[in-house]
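Analysis of the macromolecular model
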Amino acid sequence: MKFFIDTANLSDIKEAQELGVLDGVTTNPSLMAKEGITGHDNIINHYKAICAIVDGDVSAEVISTDFEGMVKEGEALAALDEKIVVKIPMIKDGVKALKYFSNKGIKTNCTLVFSAGQALLAAKAGATYVSPFIGRLDDVSTDGMDLIDKIRLIYDNYGYQTEILAASVRHPMHIIQCAEIGADVMTGPLSAITALLKHPLTDIGLEKFLADYAKGNK
Ligand code: G3P
């Protein structure tokens, strides 16, 4: 399973990259705003800074909601760096834009996906990635993991090449369950990735090994 980090925070991206397990980055307008990155030029420069850090795909979201606008914005984003994946919302013009970019060989990430039907449409339109939002479904008492399961089944039934990018991941159990189901990618915060490291028996065991070594080497 590929690990993407879901942030626009350069220090978190660097830390994940240095850990050696990072396959890409996803951003969205809210994540950019959280880092205080506003205005067209600053946002573009920030995408360039992210691309300079990471080896892998970097999702950059369009703001337009009409087909022509999404195409214009998406083409400009894609021209920034070969790592850029154009992130398109799951709306009617978005589906048309996915098909357009797919025909042009430009990578896309279909975002704001909350149902199996939406994921099926994204695959038919040739999206490179589909982003079902697990955490936001959990937030409204709907099991987000059920959606990952359904999309995996549907895509495998027909051999769709669209990669399932489990998004809105909030904690390590989301990552583990995605891996069990067979999501192709997960994107989450640095905290969810580093939480995978932790086990009290590891800490206790290491402390004992080091203490025993120290005893024998006085
Ligand atoms: O990748 C989508 C993500 O940014 C949404 O996460 O935690 O805002 O639901 P969240």
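Worth saying up front: this structure is predicted, and the values here are computed from it rather than measured. (Residues numbered from 1 in each chain as written. Predicted model: local features only at pLDDT ≥ 70, side-chain atom pairs only at ≥ 80, totals over all residues. Heavy atoms only, no water.)

The next subject is the sheet that holds strand E8 (residues 185-188). Reading around the circumference, E1-E2-E3-E4-E5-E6-E7-E8 is the order of the 8 strands in this closed barrel, with parallel pairing throughout. Sheet twist, expressed as the average angle between the axes of neighbouring strands with direction ignored, equals 30 degrees. The sheet contact formed by strand E3 (residues 57-61) and strand E4 (residues 84-89) spans 4 bridges and is parallel. Residue pairing across strands places Ser-59 opposite Val-85, the latter belonging to E4. Lying over the sheet, helix H5 (residues 92-104) contacts E4 and strand E5 (108-113), oriented at roughly 155 degrees with respect to E4. Of the strands in this sheet, E5, strand E6 (129-132) and strand E7 (163-166) are in contact with helix H8 (residues 144-158), which crosses E7 at around 175 degrees. (Pairing = 2+ DSSP bridges. Helix = DSSP H or I, 4+ residues; strand = E, 2+ residues; numbered from the N terminus. Axes fitted to C-alpha atoms, helices over the stretch in contact; angles between N-to-C directions. Contact = heavy atoms within 4.5 Å.)

Along E3, 5 of the 5 residues are buried, which leaves the element largely enclosed by surrounding structure. Alternating residues of E3 divide into Asp-57, Ser-59 and Glu-61 and Val-58 and Ala-60, and every residue in both groups is buried. The pairing of strand E2 (residues 24-26) with E3 spans 3 bridges and is parallel. The partner of Gly-24 across the bridge, within E3, is Asp-57. Handedness of the crossover is the feature at issue here: the chain leaves E3, passes through helix H4 (residues 67-80), returns alongside E4, and the resulting connection is right-handed. (Buried < 20%, exposed > 50% of the residue type's maximum accessible area, 1.4 Å probe, protein only. Right-handed = clockwise from strand over helix to strand, strands pointing away.)

Glancing now at the site of the ligand. All residues in the neighbourhood of the ligand are listed as Asp-6, Asn-28, Leu-31, Phe-133, Arg-136, Ala-167, Ser-168, Arg-170 and Thr-187. Within the side chain of Asp-6, one N or O atom sits 2.6 Å away from an oxygen atom of the ligand. Coverage of the ligand by the protein chains reaches 83% of its 310 Å² of free accessible surface. Its residues assigned to classes, the shell around the ligand shows 3 nonpolar, 3 polar and 3 charged. (Near = heavy atom within 4 Å. Polar contact = N/O pair within 3.5 Å; in protein donor to acceptor, adjacent residues only side chain to side chain. Areas by Shrake-Rupley, 256 points an atom, 1.4 Å probe, with all protein chains shown as cover. Nonpolar A, V, L, I, M, F, W, Y, C, P; charged D, E, K, R; others polar.)

Our next topic: the pattern of salt bridges. Side chains that carry opposite charge are capable of pairing whenever their charged atoms lie near each other. Applying the stated criterion across every chain yields a total of 10 salt bridges. In this structure, Glu-163 and Lys-2 form a salt bridge, with 3.1 Å as the shortest nitrogen-oxygen distance. Within this pair, whereas Glu-163 is found in strand E7, its partner Lys-2 is found in strand E1 (residues 2-6), the two being separated by 161 residues in sequence. The partly exposed category is assigned to Lys-2, whose relative accessible area is 28%. For the salt bridge of Asp-93 with Lys-96, the shortest nitrogen-to-oxygen distance reads 3.8 Å. (Salt bridge = Lys/Arg side-chain N within 4 Å of Asp/Glu carboxyl O.)

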